[in-house]
Amino acid sequence: MAPTMDTTAPTVDIKEMHEEAHPMKGGDDLNSYSQNSCYQRGVIDAAKSVIIEAVTRNLDLENNLSTFDPSKPFRIADFGCSTGPNTFFAAKNIVEAVGQKYGSLQEKTLQPEFHVFFNDHVNNDFNILFRSLPQNREYFAAGVPGSFYTRVFPKASLHFAHCSYALHWLSKVPKEIQDKNSPAFNKGRIHYTGTEKHVVKAYFGQFQKDMIAFLKARAQEIVGGGLMVIQIPGLPSGEVLFSRTGAGMLHSLLGSSLMDLVDLGVISEESVDSFNLPQYHPSIEELEMVIEMNNSFTLEKVGALNHPMKNLPFDVQMTSLQVRAIMEGILTDQFGEKMLDLLFEIYTKKLQENYNVFDKEIRRDADLFLVLKRKNN
Ligand SMILES: C[S@@+](CC[C@H](N)C(=O)[O-])C[C@H]1O[C@@H](n2cnc3c(N)ncnc32)[C@H](O)[C@@H]1O
(Lines give C-alpha, C1' and ligand atoms only; values in the text may rest on other atoms or scores of the structure.)
Protein backbone atom coordinates (compact mmCIF):
# COMPACT_ATOMS: atom_id res chain seq x y z
CA MET A 1 0.00 0.00 0.00
CA ALA A 2 1.37 3.43 -0.93
CA PRO A 3 2.22 5.56 2.08
CA THR A 4 -0.25 8.38 2.66
CA MET A 5 1.20 11.81 2.40
CA ASP A 6 1.24 13.94 5.57
CA THR A 7 -0.10 17.32 4.57
CA THR A 8 -0.16 18.88 8.06
CA ALA A 9 2.30 21.67 8.84
CA PRO A 10 5.43 20.56 10.72
CA THR A 11 4.93 20.87 14.46
CA VAL A 12 7.20 23.14 16.43
CA ASP A 13 8.58 21.72 19.64
CA ILE A 14 7.72 24.60 21.95
CA LYS A 15 6.87 23.53 25.47
CA GLU A 16 5.96 26.14 28.01
CA MET A 17 7.41 24.88 31.28
CA HIS A 18 5.54 25.72 34.46
CA GLU A 19 8.15 27.80 36.17
CA GLU A 20 8.72 30.89 38.22
CA ALA A 21 9.58 34.20 36.54
CA HIS A 22 11.01 37.12 38.48
CA PRO A 23 12.20 39.76 36.04
CA MET A 24 14.24 42.72 37.16
CA LYS A 25 12.62 46.07 38.05
CA GLY A 26 11.49 47.60 34.74
CA GLY A 27 11.44 51.19 33.53
CA ASP A 28 14.35 53.60 33.78
CA ASP A 29 13.65 55.50 37.00
CA LEU A 30 15.97 55.69 40.01
CA ASN A 31 14.97 52.24 41.32
CA SER A 32 15.07 50.46 37.94
CA TYR A 33 17.42 47.65 36.94
CA SER A 34 18.63 49.70 34.00
CA GLN A 35 19.90 52.37 36.44
CA ASN A 36 21.14 49.90 39.03
CA SER A 37 23.15 47.18 37.36
CA CYS A 38 26.69 48.50 37.15
CA TYR A 39 28.03 45.36 38.86
CA GLN A 40 26.57 43.23 36.05
CA ARG A 41 27.98 45.75 33.55
CA GLY A 42 31.41 45.11 35.10
CA VAL A 43 30.96 41.39 34.43
CA ILE A 44 30.23 42.10 30.75
CA ASP A 45 33.25 44.41 30.51
CA ALA A 46 35.47 41.77 32.11
CA ALA A 47 34.15 39.13 29.70
CA LYS A 48 35.04 41.16 26.60
CA SER A 49 38.51 39.61 26.38
CA VAL A 50 37.00 36.14 26.88
CA ILE A 51 34.68 36.75 23.92
CA ILE A 52 37.49 38.06 21.69
CA GLU A 53 39.66 35.06 22.54
CA ALA A 54 36.79 32.59 22.04
CA VAL A 55 35.95 34.04 18.62
CA THR A 56 39.62 34.18 17.58
CA ARG A 57 40.46 30.65 18.70
CA ASN A 58 37.26 28.69 18.57
CA LEU A 59 35.04 30.12 15.86
CA ASP A 60 36.28 28.31 12.78
CA LEU A 61 34.79 30.43 10.02
CA GLU A 62 37.42 29.64 7.42
CA ASN A 63 36.70 25.92 7.22
CA ASN A 64 32.93 26.24 7.65
CA LEU A 65 31.89 28.94 5.24
CA SER A 66 28.75 27.02 4.39
CA THR A 67 27.58 27.25 8.02
CA PHE A 68 28.90 30.77 8.55
CA ASP A 69 28.06 32.00 5.04
CA PRO A 70 28.63 35.78 5.14
CA SER A 71 25.93 36.39 2.55
CA LYS A 72 23.41 35.25 5.19
CA PRO A 73 22.80 36.90 8.60
CA PHE A 74 25.05 35.93 11.51
CA ARG A 75 22.63 35.29 14.37
CA ILE A 76 23.43 36.08 18.01
CA ALA A 77 21.19 35.62 21.05
CA ASP A 78 21.54 37.06 24.55
CA PHE A 79 19.65 34.84 26.99
CA GLY A 80 18.30 36.62 30.09
CA CYS A 81 18.94 40.08 28.60
CA SER A 82 16.75 42.04 31.05
CA THR A 83 15.97 45.68 30.23
CA GLY A 84 19.37 46.95 29.12
CA PRO A 85 21.78 48.60 28.80
CA ASN A 86 24.23 45.81 29.73
CA THR A 87 22.92 43.49 27.03
CA PHE A 88 23.75 46.14 24.39
CA PHE A 89 27.39 46.22 25.51
CA ALA A 90 27.53 42.44 25.26
CA ALA A 91 25.96 42.51 21.77
CA LYS A 92 28.47 45.17 20.66
CA ASN A 93 31.42 43.13 21.97
CA ILE A 94 30.26 40.01 20.13
CA VAL A 95 29.47 41.80 16.85
CA GLU A 96 32.88 43.54 16.88
CA ALA A 97 34.79 40.34 17.67
CA VAL A 98 33.01 38.34 14.96
CA GLY A 99 33.30 41.21 12.44
CA GLN A 100 37.05 41.37 13.05
CA LYS A 101 37.35 37.65 12.53
CA TYR A 102 35.55 37.82 9.17
CA GLY A 103 37.81 40.76 8.28
CA SER A 104 40.92 38.74 9.09
CA LEU A 105 40.13 35.79 6.81
CA GLN A 106 42.82 35.24 4.21
CA GLU A 107 40.38 34.97 1.41
CA LYS A 108 38.54 38.26 1.87
CA THR A 109 34.82 37.73 2.21
CA LEU A 110 31.87 39.98 2.70
CA GLN A 111 30.95 41.04 6.24
CA PRO A 112 27.71 39.35 7.23
CA GLU A 113 24.74 41.32 8.48
CA PHE A 114 24.20 40.71 12.18
CA HIS A 115 20.87 39.84 13.78
CA VAL A 116 20.75 40.06 17.58
CA PHE A 117 17.93 38.41 19.53
CA PHE A 118 17.19 39.61 23.05
CA ASN A 119 15.62 36.87 25.16
CA ASP A 120 13.99 37.09 28.57
CA HIS A 121 10.83 36.03 30.39
CA VAL A 122 7.57 37.26 28.83
CA ASN A 123 7.03 39.68 31.71
CA ASN A 124 10.43 41.35 31.27
CA ASP A 125 10.09 45.05 30.42
CA PHE A 126 10.85 44.67 26.69
CA ASN A 127 9.40 48.14 26.00
CA ILE A 128 12.20 49.90 27.83
CA LEU A 129 14.71 47.54 26.16
CA PHE A 130 13.45 48.46 22.68
CA ARG A 131 13.19 52.16 23.53
CA SER A 132 16.83 52.27 24.64
CA LEU A 133 18.37 50.28 21.76
CA PRO A 134 21.53 52.15 20.71
CA GLN A 135 20.92 54.38 17.69
CA ASN A 136 24.29 53.58 16.17
CA ARG A 137 24.10 49.79 16.52
CA GLU A 138 25.49 47.61 13.77
CA TYR A 139 22.86 44.90 13.96
CA PHE A 140 19.16 44.23 13.47
CA ALA A 141 17.34 43.62 16.75
CA ALA A 142 14.49 41.38 17.85
CA GLY A 143 12.95 40.36 21.16
CA VAL A 144 12.37 36.70 21.97
CA PRO A 145 10.05 36.03 24.92
CA GLY A 146 10.11 32.82 26.93
CA SER A 147 12.11 30.81 29.41
CA PHE A 148 15.59 29.85 28.33
CA TYR A 149 15.03 26.50 29.99
CA THR A 150 12.84 25.70 26.97
CA ARG A 151 13.30 25.96 23.20
CA VAL A 152 12.87 29.57 22.07
CA PHE A 153 14.55 29.40 18.63
CA PRO A 154 14.19 27.17 15.56
CA LYS A 155 16.63 24.31 15.09
CA ALA A 156 20.22 25.22 14.08
CA SER A 157 19.37 28.90 13.76
CA LEU A 158 21.96 30.54 16.07
CA HIS A 159 25.68 31.09 15.50
CA PHE A 160 26.55 32.60 18.88
CA ALA A 161 24.72 32.39 22.21
CA HIS A 162 25.50 34.53 25.22
CA CYS A 163 24.13 34.53 28.76
CA SER A 164 25.35 36.79 31.54
CA TYR A 165 24.33 36.78 35.19
CA ALA A 166 21.09 34.92 34.53
CA LEU A 167 21.70 31.16 34.79
CA HIS A 168 21.98 31.25 38.58
CA TRP A 169 18.19 31.92 38.57
CA LEU A 170 16.62 28.49 38.93
CA SER A 171 13.37 27.59 37.19
CA LYS A 172 11.88 27.02 40.65
CA VAL A 173 12.67 26.58 44.32
CA PRO A 174 13.40 22.88 44.90
CA LYS A 175 10.27 21.44 46.51
CA GLU A 176 12.05 19.67 49.41
CA ILE A 177 13.11 23.12 50.70
CA GLN A 178 9.48 23.98 51.42
CA ASP A 179 8.39 20.58 52.69
CA LYS A 180 8.10 20.64 56.49
CA ASN A 181 8.63 16.88 56.59
CA SER A 182 11.82 16.91 54.54
CA PRO A 183 15.33 17.05 56.09
CA ALA A 184 15.93 19.83 53.52
CA PHE A 185 13.16 22.06 54.97
CA ASN A 186 14.75 25.50 55.10
CA LYS A 187 13.23 27.08 58.21
CA GLY A 188 14.32 30.56 59.25
CA ARG A 189 16.39 31.27 56.15
CA ILE A 190 15.59 32.56 52.68
CA HIS A 191 18.55 30.87 51.01
CA TYR A 192 21.42 28.56 51.98
CA THR A 193 24.63 29.37 53.83
CA GLY A 194 26.53 26.30 52.70
CA THR A 195 26.51 24.33 55.94
CA GLU A 196 23.02 22.79 55.66
CA LYS A 197 23.95 19.71 53.61
CA HIS A 198 20.40 18.63 52.66
CA VAL A 199 19.41 22.13 51.67
CA VAL A 200 22.49 22.69 49.49
CA LYS A 201 22.02 19.25 47.92
CA ALA A 202 18.43 20.10 46.98
CA TYR A 203 19.48 23.42 45.46
CA PHE A 204 22.32 21.82 43.50
CA GLY A 205 19.93 19.09 42.27
CA GLN A 206 17.61 21.76 40.85
CA PHE A 207 20.57 23.60 39.30
CA GLN A 208 21.69 20.38 37.57
CA LYS A 209 18.21 19.73 36.17
CA ASP A 210 17.92 23.30 34.92
CA MET A 211 21.39 23.35 33.34
CA ILE A 212 20.63 20.08 31.57
CA ALA A 213 17.41 21.59 30.18
CA PHE A 214 19.27 24.78 29.14
CA LEU A 215 22.02 22.86 27.33
CA LYS A 216 19.51 20.53 25.67
CA ALA A 217 17.53 23.47 24.27
CA ARG A 218 20.65 25.36 23.14
CA ALA A 219 22.08 22.19 21.55
CA GLN A 220 19.13 22.17 19.19
CA GLU A 221 19.24 25.88 18.45
CA ILE A 222 22.98 26.43 17.87
CA VAL A 223 24.66 25.38 14.60
CA GLY A 224 27.52 22.85 14.67
CA GLY A 225 30.71 24.85 15.32
CA GLY A 226 28.70 27.69 16.94
CA LEU A 227 29.79 29.16 20.27
CA MET A 228 28.18 29.90 23.60
CA VAL A 229 29.75 32.16 26.24
CA ILE A 230 28.22 32.15 29.72
CA GLN A 231 28.96 34.30 32.76
CA ILE A 232 27.52 33.23 36.10
CA PRO A 233 28.06 34.29 39.71
CA GLY A 234 29.67 31.35 41.44
CA LEU A 235 31.62 30.08 44.38
CA PRO A 236 35.36 30.71 44.53
CA SER A 237 37.63 27.65 44.42
CA GLY A 238 38.59 26.02 47.69
CA GLU A 239 36.57 25.36 50.77
CA VAL A 240 34.62 28.61 50.78
CA LEU A 241 31.16 28.65 52.31
CA PHE A 242 28.49 30.56 50.39
CA SER A 243 27.80 32.57 53.55
CA ARG A 244 31.34 33.99 53.32
CA THR A 245 30.80 35.38 49.82
CA GLY A 246 29.36 38.81 49.05
CA ALA A 247 26.16 37.32 47.59
CA GLY A 248 25.79 34.96 50.56
CA MET A 249 26.11 37.88 53.00
CA LEU A 250 23.66 40.01 51.00
CA HIS A 251 21.09 37.22 51.03
CA SER A 252 21.44 36.46 54.72
CA LEU A 253 21.08 40.17 55.63
CA LEU A 254 17.96 40.32 53.44
CA GLY A 255 16.62 37.32 55.38
CA SER A 256 17.33 38.99 58.73
CA SER A 257 15.71 42.24 57.51
CA LEU A 258 12.57 40.26 56.67
CA MET A 259 12.66 38.74 60.18
CA ASP A 260 12.82 42.28 61.60
CA LEU A 261 9.59 43.01 59.72
CA VAL A 262 8.08 39.91 61.36
CA ASP A 263 9.08 41.30 64.79
CA LEU A 264 7.49 44.62 63.86
CA GLY A 265 4.27 42.79 62.92
CA VAL A 266 4.44 43.96 59.30
CA ILE A 267 4.59 40.45 57.75
CA SER A 268 3.96 36.98 59.16
CA GLU A 269 6.62 34.46 60.16
CA GLU A 270 4.95 31.84 57.94
CA SER A 271 5.34 34.08 54.92
CA VAL A 272 9.11 34.27 55.55
CA ASP A 273 9.34 30.53 56.25
CA SER A 274 7.76 29.79 52.88
CA PHE A 275 9.99 32.24 51.01
CA ASN A 276 13.20 30.95 49.41
CA LEU A 277 15.35 32.46 46.70
CA PRO A 278 15.41 30.35 43.53
CA GLN A 279 19.13 30.87 42.95
CA TYR A 280 22.22 28.68 42.94
CA HIS A 281 25.83 29.88 42.78
CA PRO A 282 27.93 26.95 41.51
CA SER A 283 31.63 26.24 41.87
CA ILE A 284 33.82 25.68 38.79
CA GLU A 285 33.94 21.97 39.64
CA GLU A 286 30.12 21.74 39.72
CA LEU A 287 29.87 23.55 36.39
CA GLU A 288 32.41 21.18 34.85
CA MET A 289 30.49 18.21 36.20
CA VAL A 290 27.21 19.37 34.63
CA ILE A 291 28.84 20.23 31.30
CA GLU A 292 30.53 16.82 31.16
CA MET A 293 27.12 15.16 31.37
CA ASN A 294 26.07 16.67 28.04
CA ASN A 295 27.10 15.26 24.67
CA SER A 296 26.50 18.27 22.50
CA PHE A 297 29.07 20.85 23.60
CA THR A 298 32.79 20.80 24.26
CA LEU A 299 34.04 22.93 27.12
CA GLU A 300 36.69 25.13 25.52
CA LYS A 301 37.50 27.24 28.55
CA VAL A 302 36.31 27.88 32.10
CA GLY A 303 37.61 30.32 34.69
CA ALA A 304 36.99 33.34 36.89
CA LEU A 305 36.74 36.89 35.57
CA ASN A 306 38.70 39.78 36.96
CA HIS A 307 35.84 42.10 37.92
CA PRO A 308 36.76 45.80 37.54
CA MET A 309 34.94 46.78 40.76
CA LYS A 310 36.69 44.16 42.89
CA ASN A 311 39.02 46.57 44.66
CA LEU A 312 36.71 49.58 44.93
CA PRO A 313 35.46 50.53 48.42
CA PHE A 314 32.15 48.94 49.38
CA ASP A 315 29.26 51.27 48.43
CA VAL A 316 26.30 50.81 50.79
CA GLN A 317 23.70 52.91 48.92
CA MET A 318 24.55 51.50 45.53
CA THR A 319 24.50 47.91 46.80
CA SER A 320 21.13 48.40 48.46
CA LEU A 321 19.64 49.90 45.27
CA GLN A 322 21.09 47.08 43.15
CA VAL A 323 19.69 44.37 45.41
CA ARG A 324 16.30 46.13 45.37
CA ALA A 325 16.27 46.37 41.56
CA ILE A 326 16.92 42.61 41.36
CA MET A 327 14.69 41.42 44.21
CA GLU A 328 11.75 43.82 44.15
CA GLY A 329 9.72 41.58 41.82
CA ILE A 330 10.12 38.36 43.81
CA LEU A 331 9.62 40.15 47.15
CA THR A 332 6.45 41.87 45.95
CA ASP A 333 5.04 38.54 44.72
CA GLN A 334 5.47 37.06 48.20
CA PHE A 335 4.92 39.96 50.62
CA GLY A 336 3.15 42.68 48.64
CA GLU A 337 4.48 46.09 47.69
CA LYS A 338 3.72 48.04 50.87
CA MET A 339 6.62 46.68 52.92
CA LEU A 340 9.36 47.43 50.36
CA ASP A 341 10.47 50.90 51.52
CA LEU A 342 10.71 49.86 55.18
CA LEU A 343 12.46 46.60 54.26
CA PHE A 344 15.14 48.39 52.29
CA GLU A 345 15.55 51.06 54.98
CA ILE A 346 16.35 48.27 57.47
CA TYR A 347 18.48 46.47 54.88
CA THR A 348 20.57 49.57 54.12
CA LYS A 349 21.24 50.00 57.86
CA LYS A 350 22.40 46.39 58.10
CA LEU A 351 24.74 46.86 55.15
CA GLN A 352 26.16 49.95 56.85
CA GLU A 353 26.65 48.04 60.15
CA ASN A 354 28.53 45.35 58.21
CA TYR A 355 30.59 47.81 56.17
CA ASN A 356 33.93 46.48 57.40
CA VAL A 357 32.99 42.88 56.71
CA PHE A 358 32.04 43.69 53.12
CA ASP A 359 34.91 46.08 52.57
CA LYS A 360 37.75 44.16 54.20
CA GLU A 361 36.82 40.51 54.58
CA ILE A 362 34.52 39.64 51.73
CA ARG A 363 36.54 39.54 48.57
CA ARG A 364 35.39 36.13 47.70
CA ASP A 365 32.76 36.47 45.04
CA ALA A 366 33.66 34.64 41.88
CA ASP A 367 32.24 35.68 38.55
CA LEU A 368 32.76 32.55 36.49
CA PHE A 369 32.78 32.16 32.73
CA LEU A 370 32.42 29.23 30.34
CA VAL A 371 33.18 28.99 26.63
CA LEU A 372 31.30 26.14 24.95
CA LYS A 373 31.40 24.97 21.35
CA ARG A 374 28.55 23.10 19.68
CA LYS A 375 29.82 19.74 18.40
CA ASN A 376 29.16 18.82 14.80
CA ASN A 377 26.74 15.99 15.60
C1 LIG B 1 20.46 39.86 36.82
S2 LIG B 1 19.59 39.94 35.32
C3 LIG B 1 20.92 39.99 34.16
C4 LIG B 1 20.56 40.77 32.95
C5 LIG B 1 21.66 41.02 31.94
N6 LIG B 1 22.10 39.79 31.34
C7 LIG B 1 22.80 41.76 32.55
O8 LIG B 1 23.91 41.24 32.55
O9 LIG B 1 22.59 42.87 33.04
C10 LIG B 1 18.98 38.27 35.09
C11 LIG B 1 17.98 38.17 33.98
O12 LIG B 1 17.75 36.81 33.66
C13 LIG B 1 16.39 36.64 33.40
N14 LIG B 1 16.03 35.24 33.55
C15 LIG B 1 16.10 34.49 34.67
N16 LIG B 1 15.64 33.25 34.42
C17 LIG B 1 15.27 33.24 33.12
C18 LIG B 1 14.71 32.25 32.27
N19 LIG B 1 14.43 31.02 32.73
N20 LIG B 1 14.47 32.56 30.98
C21 LIG B 1 14.74 33.81 30.50
N22 LIG B 1 15.27 34.79 31.27
C23 LIG B 1 15.53 34.51 32.56
C24 LIG B 1 15.70 37.56 34.40
O25 LIG B 1 14.37 37.83 34.04
C26 LIG B 1 16.63 38.76 34.35
O27 LIG B 1 16.21 39.69 33.41
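Conventions used here
- Residues numbered from 1 in each chain as written.
- Predicted model: local features only at pLDDT ≥ 70, side-chain atom pairs only at ≥ 80, totals over all residues.
- Heavy atoms only, no water.
- Helix = DSSP H or I, 4+ residues; strand = E, 2+ residues; numbered from the N terminus.
- Buried < 20%, exposed > 50% of the residue type's maximum accessible area, 1.4 Å probe, protein only.
- Contact = heavy atoms within 4.5 Å.
- Areas by Shrake-Rupley, 256 points an atom, 1.4 Å probe, with all protein chains shown as cover.
- Lys, Arg positive; Asp, Glu negative; His and termini not counted.
- Charge placed at Lys NZ, Arg CZ, Asp CG, Glu CD.
- Arc of directions from axis to C-beta.
- Near = heavy atom within 4 Å.
- Polar contact = N/O pair within 3.5 Å; in protein donor to acceptor, adjacent residues only side chain to side chain.
- Nonpolar A, V, L, I, M, F, W, Y, C, P; charged D, E, K, R; others polar.
- Core = buried A, V, L, I, M, F, W, Y, C linked by side-chain atoms within 4.5 Å.
- Pairing = 2+ DSSP bridges.
- Phe/Tyr/Trp six-rings, centres within 6.5 Å; stacked < 30°, edge-to-face > 60°.
- Lys NZ or Arg CZ within 6 Å of the ring centre and 35° of its normal.
- pLDDT = per-residue confidence, 0-100.

Draft legend 1. Seen up close, the overall build of the protein chain. When you go through the protein chain residue by residue, the secondary structure sums to eleven helices and seven strands. Once the C-alpha set of the protein chain is aligned to its principal axes, its extents read approximately 70 × 60 × 40 Å. Expressed as a percentage of the 377 residues in the protein chain, the buried residues total 54%. If you take every contact in the protein chain between residues at least 6 apart in sequence, the share linking residues at least 24 apart comes to 83%. Carbon and sulfur atoms make up 52% of the accessible area of the protein chain, which amounts to about 18200 Å² in all. Across the protein chain, 37 positive and 46 negative side-chain charges occur, with their mean positions spaced 3 Å apart.

Draft legend 2. Summary view of helix α2 (residues 48–58). Here α2 has its buried residues at Val 50, Ile 51, Ala 54, Val 55 and Asn 58. The buried residues of α2 occupy an angular sector of 125° when the element is viewed end-on, so they sit on one face. For α2, the exposed residues lying more than 90 degrees away from the buried face are Thr 56 and Arg 57.

Draft legend 3. The site of the ligand, seen in detail. Taken together, 21 residues sit near the ligand, with Tyr 33, Gly 80, Asn 86, Asp 120 and Ser 164 positioned nearest. Here a nitrogen atom of the ligand and a backbone polar atom of Gly 80 are 2.8 Å apart. The separation between an oxygen atom of the ligand and a polar side-chain atom of Asn 86 is 2.9 Å. Alone, the ligand offers 590 Å² of accessible surface; in the complex the protein occludes 98% of this. At the level of elements, α1 (38–46) and β2 (114–120) are the ones that each hand at least two residues to the shell around the ligand. When grouped by side-chain class, the residues that make up the shell around the ligand number ten nonpolar, nine polar and two charged.

Draft legend 4. Main features of the nonpolar core. In terms of nonpolar packing, the biggest core is built from 46 residues, with Phe 79, Leu 167, Phe 207, Phe 214 and Met 228 touching the most fellow members. Listing elements by their share of this core, those giving two or more residues are β1 (74–79), β3 (140–145), β4 (158–164), α5 (197–221), β5 (222–234), α8 (284–292) and β7 (366–374). In terms of residues, this core owes the most to one element, α5, which gives ten residues. Each residue touching Leu 167, except ones within four places of it in the same chain, is listed here: Phe 148, Tyr 149, Phe 207, Met 211, Phe 214, Ile 230 and Ile 232. Core analysis: the second largest hydrophobic core is formed by 36 residues, Val 43, Ala 47, Phe 74 and Val 98 among them.

Draft legend 5. Spatial organisation of the pairing of β7. Burial of β7 is extensive: nine of the nine residues sit out of reach of the surface. In β7, alternate side chains face the same way, and those of Ala 366, Leu 368, Leu 370, Leu 372 and Arg 374 on one face and Asp 367, Phe 369, Val 371 and Lys 373 on the other are all buried. Sheet topology places β5 next to β7; eight bridges connect them, and they run antiparallel. Across the sheet, Ile 230 pairs through a bridge with Leu 370, a residue of β7.

Draft legend 6. The arrangement of the packing of aromatic side chains in detail. With the rule as written, the count across this model stands at 22 aromatic pairs. Between Phe 118 and Tyr 139, the ring centres sit 6.3 Å apart and the planes meet at 50°, which makes this aromatic pair tilted. Here Phe 118 is found in strand β2, whereas its partner Tyr 139 is found in the loop between α4 (126–131) and β3, with 21 residues between them in sequence. Relative accessible area serves as the criterion here: at 0%, Phe 118 is assigned to the buried category. Seen in terms of ring centroids, Phe 126 and Phe 130 are 6.1 Å apart; in terms of plane orientation they differ by 35°. Their pairing is tilted. You can see Phe 126 and its partner Phe 130 sitting in helix α4, four residues apart, about one turn around the helix. With relative accessibility at 41%, the residue Phe 130 sits in the partly exposed group. Here the aromatic cluster, defined as three or more aromatic residues joined through ring pairs, consists of Phe 79, Phe 117, Phe 148, Tyr 149, Phe 153 and Phe 214. Over the aromatic face of Phe 89 sits the side chain of Arg 41, whose NZ or CZ is 3.5 Å from the ring centroid. Sitting above the plane of the Phe 214 ring, Arg 218 keeps its charged end 4.8 Å from the centroid.

Draft legend 7. Expanded view of the confidence of the model for the protein chain. Summarising the model, the protein chain shows a mean pLDDT of 92, and 94% of its residues fall at 70 or more. Scoring the predicted complex yields pTM 0.94 and, for the interface, ipTM 1.00.

Draft legend 8. Spatial organisation of the side chain of Asn 276. In this structure, Asn 276 sits in the loop between α7 (269–273) and α8. A distance of 3.0 Å separates polar atoms of two side chains, one belonging to Asn 276 and the other to Asn 186. Aside from chain neighbours lying at most four places away, what touches Asn 276 is Val 173, Ile 177, Gln 178, Asn 186, Arg 189, Ile 190, His 191 and Tyr 203.

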